[in-house]
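# Residue-level structural notes
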Amino acid sequence: MLLHRRPRREHRPAPGEPPGSLAATPYARPTHLHLVAYDGDRLIEHQSQDVAEIEERAQGVANVWIDVAGLRDVDTIRAIGQRYCLHPLTLEDIVQVVQRPKVDIYDGYLFVVLRLPRFEKGLVNEQVAIVLGHDFVITFGERQWDGFDAVRSRLGHVHSRMRSKPVDYLAYALIDALIDAYFPILEHYGELIDDMEEEVVERATDGLVTQVHGLRRAVMELRRAIWPLREVLNTLTREGTPYVQPETRTFLRDCSDHVSQLLDMIEIDREVTSTLLDLHLSSLSTRMNEIMKVLTIIATIFIPLGFVAGLYGMNFDPAISPYNMPELHWRFGYFYSLAVMAAMAFGMLGYFWAKGWIGGRWRRRGRSREPD
């Protein structure tokens, strides 16, 4: 079962350092650059680790997309920031990868931070930052993501709508791909929650508590990543937001509808996981009551049997008086006592069954009370 893995501790600059200080996280991956430069007639793709080489290949092309995968090389990230005039606080937010989804408007570009869910020994949420300028888009991810390959494939078609649109349409396509990545994960967790609910009802064990808490943590982590997306898309679709064309706002509103669907799904999952623990405790209590009922019935049956056995275990001598347990000298006295005890036991069982305390009759009664 793929649940939630706690996020790694963020590596921040030392206290007192000036704003905009860059410090790569210890677990950051090597930095790789993937250039996609395009217009209506040309498409140039190139992979490199040299910013100057990337810039040279992009010369003379109208629209530029640089995909930065891995954030270990802060010098490369700083060079990109100098080339595209990115604010030092933007670079700091790119490197410190535990940011809340947001939109910052700077002079010359928009800075968008989103969260990307992945399965890696559990659920992890990685950061993806998008910088949208007048003629360029730069994406910064903790590592390479296959979801952007579909966008590159669309750019490879000459008659693709993306080739004839400004770069803000490319930014929309990237945001849409990131949002759509949540749907299969939420569907997966929805199936896990349904299976867990059935398991809690049918087999309430102590080990299920850990799994229920793991599901709850995963759902809450997804909710923290999805909830701020409403504010992000509201900003991007707002009239007057720079670098976003009116036509692109229409497509971004479709992304907003997808976020609403995600929020509906996550709220349902959150409510169900919140009640799973109560359901688990209720199931344990029901099982305990069933066990106590069985033990009580057994004890109740053996109480009169113990009375009979104890009565005949008293040391009375029938030779002294004919009223001192005359059955002790009767030839069938032993079988008589066993028959009496068996009759008492079966009589009590029949009475318990007639009252609906044992057997399936209580279930038939319960169903008969249900409305048609």
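The present account deals with the structure reproduced in this document. (Residues numbered from 1 in each chain as written. Predicted model: local features only at pLDDT ≥ 70, side-chain atom pairs only at ≥ 80, totals over all residues. Heavy atoms only, no water.)

### Some points on the packing of helix H4 (residues 147–155) against helix H5 (residues 167–180)
- Relative to each other, H4 and H5 sit at 145°, their axes nearing to 9 Å. By crossing handedness, the relation of H4 to H5 is classed as right-handed. Side by side, H4 and H5 meet where Gly-147, Phe-148, Val-151, Arg-154 and Leu-155 of the first sit next to Tyr-169, Leu-170, Ala-173, Leu-174, Ala-177 and Leu-178 of the second.
- Here the contact of H4 with H5 is built from residues that sort into nine nonpolar, one polar and one charged. (Axes fitted to C-alpha atoms, helices over the stretch in contact; angles between N-to-C directions. Helix = DSSP H or I, 4+ residues; strand = E, 2+ residues; numbered from the N terminus. Left-handed = near helix turned anticlockwise from the far one by under 90°. Contact = heavy atoms within 4.5 Å. Nonpolar A, V, L, I, M, F, W, Y, C, P; charged D, E, K, R; others polar.)

### Here we look at helix H10 (residues 333–355)
- Relative to the 33 Å expected for 23 residues at 1.5 Å per residue, H10 spans 33 Å between its end C-alpha atoms, a close match to the ideal helical length.
- By the burial criterion, the buried members of H10 are Gly-333, Ser-337, Met-341, Ala-345, Met-348 and Phe-352.
- If you follow the buried residues of H10, they end up packed against helix H9 (246–312).
- Just downstream of H10, Gly-356 is the residue with a positive phi angle, here 85°. (Expected span 1.5 Å × (residues − 1). Buried < 20%, exposed > 50% of the residue type's maximum accessible area, 1.4 Å probe, protein only.)

### Some thoughts on the packing of aromatic side chains
- Going through the model one piece at a time under the given rule, you end up with nine aromatic pairs.
- Relative to Tyr-109, the ring of Tyr-106 lies with its centre 5.1 Å away and its plane at 20°, an arrangement referred to as stacked. By the burial criterion, Tyr-106 is buried, and Tyr-109 matches it.
- Relative to Phe-251, the ring of Tyr-169 lies with its centre 5.2 Å away and its plane at 90°, an arrangement referred to as edge-to-face. Placement of Tyr-169 in helix H5 and of Phe-251 in helix H9 is noted, with a sequence separation of 82 residues between them.
- Residue class for Tyr-169 comes out buried when judged on its relative accessible area of 5%.
- What links up through ring pairs into an aromatic cluster is the set Trp-65, Trp-145 and Phe-148.
- Just above the ring of Tyr-84 sits the side chain of Arg-83; from NZ or CZ to the centre is 4.5 Å.
- Over the ring of Trp-227 we find Arg-223; its NZ or CZ atom is 4.8 Å from the centre of that ring. (Phe/Tyr/Trp six-rings, centres within 6.5 Å; stacked < 30°, edge-to-face > 60°. Lys NZ or Arg CZ within 6 Å of the ring centre and 35° of its normal.)

### Some words on the pattern of salt bridges
- The tally for this structure, following the rule as stated, stands at 15 salt bridges.
- The closest approach of N and O atoms between Arg-100 and Glu-231, which form a salt bridge, is 3.8 Å. Of the two residues, Arg-100 sits in the loop between helix H3 (88–95) and strand S4 (102–106) while Glu-231 sits in helix H8 (residues 229–237), which places them 131 residues apart along the sequence.
- Arg-100 gets classed as partly exposed once you look at its relative accessible area, which sits at 48%.
- Classification of Glu-231 as partly exposed rests on a relative accessible area of 49%.
- We note a salt bridge from Arg-223 to Glu-267, for which the minimum N-O separation is 2.8 Å. (Salt bridge = Lys/Arg side-chain N within 4 Å of Asp/Glu carboxyl O.)

### A look at a negative patch on the surface
- There is a patch of like negative charges on the surface, built from Glu-187, Glu-191, Asp-194, Asp-195, Glu-197, Glu-198 and Glu-202.
- The topology assignment puts Asp-194 in helix H6 (residues 182–202).
- Here Asp-194 falls in the partly exposed class, since its relative accessible area comes to 44%. (Patch = residues over 30% accessible without salt bridge, like charges linked within 9 Å, V, L, I, M, F, W, Y side chains within 5 Å. Areas by Shrake-Rupley, 256 points an atom, 1.4 Å probe, with all protein chains shown as cover. Lys, Arg positive; Asp, Glu negative; His and termini not counted. Charge placed at Lys NZ, Arg CZ, Asp CG, Glu CD.)

### What about the side chain of Thr-241?
- Topologically, Thr-241 is positioned in the loop between H8 and H9.
- Residue Thr-241 is classed as buried on the basis of its relative accessible area, which comes to 6%.
- Polar contacts involving the side chain of Thr-241 include one to the main-chain carbonyl oxygen of Thr-235, which spans 2.6 Å.
- Apart from residues lying up to four places away in sequence, Thr-241 is in contact with Leu-110, Thr-235, Leu-236 and Arg-249. (Polar contact = N/O pair within 3.5 Å; in protein donor to acceptor, adjacent residues only side chain to side chain.)

### Examining the side chain of His-46
- With respect to the element layout, His-46 can be found in strand S2 (residues 43–48).
- At a separation of 3.3 Å, a polar atom in the side chain of His-46 contacts the side chain of Arg-57.
- Those residues in contact with His-46 that sit more than four places away from it in its chain are Leu-33, His-34, Leu-35, Glu-53, Ile-54 and Arg-57.

### Considerations on the sheet that holds strand S6 (residues 123–132)
- The mixed open sheet is built from seven strands, whose spatial order is S2-S1-S3-S7-S6-S5-S4. Only two strands of the sheet have a single neighbouring strand rather than two, namely S2 and S4. Averaged over all neighbouring strand pairs, the angle between strand axes comes to 15°, with direction disregarded.
- Where strand S3 (residues 63–69) meets strand S7 (residues 136–141), six bridges bridge the pair, whose relative direction is parallel. (Pairing = 2+ DSSP bridges.)

### Remarks on the nonpolar core
- Of all hydrophobic cores here, the largest spans 60 residues; its most connected members are Trp-65, Ile-130, Val-137, Leu-170 and Leu-236.
- Top contributing element to this core by residue count: H5, with eleven residues.
- Look past the residues within four positions of Leu-170 in its chain and what remains in contact with it is Tyr-38, Trp-65, Val-137, Val-151, Leu-155 and Met-162.
- In this structure, Leu-35, Ile-54, Ile-94 and Phe-136 belong to the second largest nonpolar core, which totals 30 residues. (Core = buried A, V, L, I, M, F, W, Y, C linked by side-chain atoms within 4.5 Å.)

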